[in-house]
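# Report on the structure
Each chain, written out:
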Amino acid sequence: MKNQVIIKKVIKPFKNKIYVSGDKSISIRCLLLSSIALGKSRIFNILESEDVLNTLKSLKKIGVEFKKKKKFIEVYGVGINGFNLTKKKILYAGNSGTLARSILGLCSGINNEIQLIGDESLSKRDFSRVIKPLNLFGVNIKSKKGMLPLNLVGSEFLRPIEYIEDKGSAQIKTCIILSALNTHGTTKIKAVKSRDHTELMLKSLNYPIQIKSEKKYDLIKINGMKQFKSFDYNVPGDISSASFFIVLTLLSKNSELLIKNINVNPTRIGVINILNIMNSKIEVLNKKNYKGEQIGDIKVKSSNNFKAINCPKILNSSAIDEFLLIFLIACKSKGVSRFKNLGELNKKESPRLDIAIKFMKMIGIKVERKKNDIKIYGNPNLKLDGKYHIKNFVKDHRIFMMSVVAALTFGGKNWIINDKDSVNSSFPNFIKTIKKLGGILN
Ligand code: S3P
């Protein structure tokens, strides 16, 4: 069977309730932090995807033991700075920037050398953004042009740092926080706000971390070398996975969907905030607090009355993985939508800004670009009639899933979308869930 899907029909109206799989960012962080906890942690509802599997395999290589039980995974933590390697190890991060960048921080104090490698897409991504702060800690890193493969030699004499993280990248921030755990003294980070799961998880473990929130930045102070105990964690559903179904519902006719048990941390719900400004009515119900994270059910209904947005830059980081979907709504909106400062989108699993612009032009939408700012000229009457082939050369999971949503809602005679298997990195149940709602793909 070919690794592609063919879509010939838009999805029929649906009214349904779904669950999506566990949050990827939280799943990876649970494994990283439980690996240096003292004792046996239990992670429930962990995302079973390739990025998470590669996290498990990498941690195993540096001496962490796991046991997979029916309802949870058991992690036998080795304690802070407890990795003990007798020889150099090669860690494979696959497609995952989060794993790759975070594990470098986790290993900053390791007593040997590790080499980090990844798949074709990850090997093209920039690691200088984490090499720079790690060098300041005193970690020795060798790489060509800041890319993989990369060799790291840990140090037992790390020094705390003061660092300004100005990209709004949670991966950089997490790398620094994890390295700070291995370091005596207080590390200070001034970070443009981004997802804060690492900080919340440490807080829930009573770790000495202080966060002062300013308008644009978080000021984080973290004392190193304070051992914490093992923990239980129940991973909530992933808003980034839920977003494909939010937008599918918004763009479908007479449909309604309830998506249960989703992480609605304020640093992650940019997609809801932006789409609501654009006239959607997405609601979060049954909100509760779990270890500092907000969890809720998302209710969404179809709409055909979207209006263009002048998107506030401050929302970029909280919607960073969802812009491909937000652009689909902009294509169907009345008026011209404006998005600014989207350079980080080109630093993802594929150059997503470049690809999204080509995609929108392909379906007949006028898009103007100036550096990393774009204008999308929406067309509320957009209805497609052609044949489309999404080659997805870089095998980007989110490009694949966004194209499926477009094909099932915008019409068109025939869509061929390549690289179905890419969904395995973040959302292996994607196709099954689409079929549950009645989407027909061959
Ligand atoms: C992630 C942070 C974001 C996001 C990625 C997951 C994380 O990347 O795009 O999918 O879990 O920390 P950046 O930190 O590079 O923005």
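Keep in mind that what you see is a predicted model, and the values were worked out from it rather than measured.

### Some remarks on the overall build of the chain
In terms of regular secondary structure, the chain is built from twelve helices and 22 strands. By the compact-globule yardstick of 22 Å for 442 residues, the chain fits well, its C-alpha radius of gyration being 22 Å. Along the first, second and third principal axes, the C-alpha set of the chain runs to 65 × 50 × 45 Å. Buried residues in the chain amount to 59% of all 442 residues. In the chain, of all internal contacts separated by at least 6 residues, the share reaching a separation of at least 24 is 77%. Of the accessible surface of the chain, which amounts to about 18,700 Å², a share of 50% is contributed by carbon and sulfur atoms. Separation of charge centres in the chain, based on 78 positive and 35 negative side chains, amounts to 4 Å.

### Overview of the environment of Gln210
Structurally, Gln210 can be placed in strand E12 (residues 209-213). With relative accessibility at 51%, the residue Gln210 sits in the exposed group. Between the C-alpha atoms of Gln210 and Asn223, which are 13 residues apart in sequence, the distance is 9.1 Å.

### What about the domain arrangement of the chain?
When the domains of the chain are assigned, the result is domain 1 (4-22 + 236-436) and domain 2 (24-234). A separation of 29 Å is found between the C-alpha centroids of domain 1 and domain 2. With 27 residues of domain 1 in contact, the opposing surface of domain 2 contributes 27 residues. Overall, the association of domain 1 and domain 2 removes approximately 2,400 Å² of surface from exposure, summing both partners, and the carbon and sulfur fraction of that is 45%.

### Some remarks on the site of the ligand
Taken together, Ser25, Arg29, Thr98, Ser169, Ala170, Gln171, Arg195, Ile320, Asp321 and Lys348 form the complete shell of residues around the ligand. The side chain of Ser169 places a nitrogen or oxygen atom 2.7 Å from an oxygen atom of the ligand. Take Asp321: an N or O atom from its side chain is 2.6 Å from an oxygen atom of the ligand. Of all the secondary-structure elements, those providing two or more residues to the shell around the ligand are helix H1 (24-35) and helix H5 (170-181). Here the residues of the shell around the ligand are counted per class, giving two nonpolar, four polar and four charged. Formed jointly, the shell around the ligand draws a minimum of three residues from each of two domains, domain 1 (4-22 + 236-436) and domain 2 (24-234).

### Regarding the nonpolar core
Of all hydrophobic cores here, the largest spans 79 residues; its most connected members are Phe245, Phe327, Phe339, Trp415 and Phe430. When near neighbours in sequence (up to four residues on either side) are disregarded, Phe339 contacts Ile309, Cys311, Phe323, Ile326, Phe327, Ala330, Asn372, Asp373, Ile374 and Ile376. Of all hydrophobic cores here, the second largest spans 67 residues; its members include Cys30, Ile62, Ile177 and Leu178.

### Re the sheet that holds strand E16 (residues 283-290)
A sheet is described by the order of its strands in space; here four strands give the open sequence E2-E15-E17-E16, paired in mixed fashion. One side of each edge strand has no neighbouring strand; the edge strands of this open sheet are strand E2 (15-19) and E16. With direction set aside, neighbouring strand axes in the sheet form an average angle of 10°. Bridge analysis of E16 against strand E17 (residues 293-301) gives six bridges, and the strand direction is antiparallel. Pairing of Tyr290 across the sheet is with Glu293, part of E17.

### Observations regarding the packing of aromatic side chains
Taken as a whole and assessed by the stated rule, the structure comprises 13 aromatic pairs. Aromatic side chains Phe323 and Phe339 sit 6.0 Å apart centroid to centroid with 85° between the ring planes, which places their arrangement in the edge-to-face category. Of this pair, Phe323 sits in helix H9 (residues 323-331) while Phe339 is found in strand E18 (residues 336-339), placing the two residues 16 residues apart along the sequence. Neither Phe323 nor Phe339 differs from the other in exposure class; each is buried. Between Phe327 and Phe339 the ring centres are 5.2 Å apart and the planes differ by 70°, which places this aromatic pair in the edge-to-face class. Taken together, the residues span a long stretch of sequence, with Phe327 in helix H9 and Phe339 in strand E18 at a distance of twelve residues. The exposure classification of Phe327 matches that of Phe339, with both residues buried. Aromatic ring contacts, followed pair by pair, group Phe244, Phe245, Phe400, Phe427 and Phe430 into a single cluster. Above the plane of the ring of Phe127 lies Arg101, whose end atom (NZ or CZ) is 5.0 Å from the centre.

### Brief notes about helix H11 (residues 397-410)
At 3.6 residues per turn, the α-helix brings residues three or four places apart onto the same side. With 14 residues, H11 should reach 20 Å at 1.5 Å per residue; the first-to-last C-alpha distance of 20 Å fits that figure. Counting buried positions over the 14 residues of H11 gives 14, a clear majority of the element. Sitting at the amino-terminal end of H11 is Asp396, which places a side-chain oxygen 2.9 Å from the backbone nitrogen of Arg398. Once H11 ends, the next one or two residues include Gly411, with phi positive near 85°.

### Topic: the pairing of strand E19 (residues 366-370)
Looking at chain direction, E19 and strand E20 (residues 373-377) are connected through five bridges and run antiparallel. Across the sheet, the residue bridging to Arg369 is Ile374, located in E20. The loop that links E19 with its antiparallel partner E20 comprises two residues; one of these, Lys371, has a positive phi angle of about 50°.

Parameters and conventions
Per chain, residues are indexed from 1 in the order of the written sequence. Only residues with pLDDT of at least 70 are given local features in this predicted model, and only at 80 or more are side-chain atom pairs given and counted; all residues enter the totals for whole chains, interfaces and linings. The side-chain quantities take in all heavy atoms of the structure and omit both hydrogens and water. Each helix is a run of H or I in the DSSP string that is no shorter than four residues. Each strand is a run of E no shorter than two, and both are numbered from the N terminus. The size measure is the radius of gyration over C-alpha atoms, and the globule rule it meets is 2.2 Å times the number of residues to the 0.38 power. Working definition: with a 1.4 Å probe on protein chains only, accessible area under 20% of the residue-type maximum means buried, over 50% means exposed, and in between means partly exposed. Note on contacts: a residue pair qualifies if any of its non-hydrogen atoms lie within 4.5 Å across the two residues. Per-residue and other accessible areas were derived by the Shrake-Rupley procedure at a 1.4 Å probe size, with only the shown protein chains allowed to occlude residues. This count recognises Lys and Arg as positive and Asp and Glu as negative, with His and chain-terminal groups excluded. A charged residue contributes its charge at one atom only: NZ of Lys, CZ of Arg, CG of Asp or CD of Glu. Here the bounds of each domain stem from an automatic or database domain assignment. Two parts placed together each lose some accessible area under a 1.4 Å probe, and adding up what both lose gives the buried area. A cutoff of 4 Å decides nearness: a residue is near a molecule or strand if any of its heavy atoms lies inside that distance of it. Counting of polar contacts relies on pairs of N or O atoms within 3.5 Å, with two restrictions inside protein: one atom must be capable of donating a hydrogen and the other of accepting it, and residues adjacent in sequence are counted only when both atoms are side-chain atoms. Residue type decides the class: Asp, Glu, Lys and Arg count as charged, Ala, Val, Leu, Ile, Met, Phe, Trp, Tyr, Cys and Pro as nonpolar, and the leftover types, Gly among them, as polar. Residues belong to one nonpolar core when they are buried, are Ala, Val, Leu, Ile, Met, Phe, Trp, Tyr or Cys, and are joined through side-chain atoms within 4.5 Å. Pairing between two strands requires that DSSP report at least two bridges joining them. Angles shown run from 0 to 180 degrees and are taken between the N-to-C directions of axes, each axis being a line fitted to C-alpha atoms and, for helices, limited to the stretch in contact. For this analysis, a ring pair means two rings from Phe, Tyr or Trp (six-membered ring only for Trp) whose centres lie within 6.5 Å, classed as stacked if their planes differ by under 30 degrees, edge-to-face if by over 60, and tilted for the remaining angles. Charges are assigned to positions over rings by a cutoff of 6 Å between ring centre and Lys NZ or Arg CZ, combined with an angular limit of 35 degrees from the ring normal. To estimate the expected span of a helix, count its residues, drop one, and scale the result by 1.5 Å.

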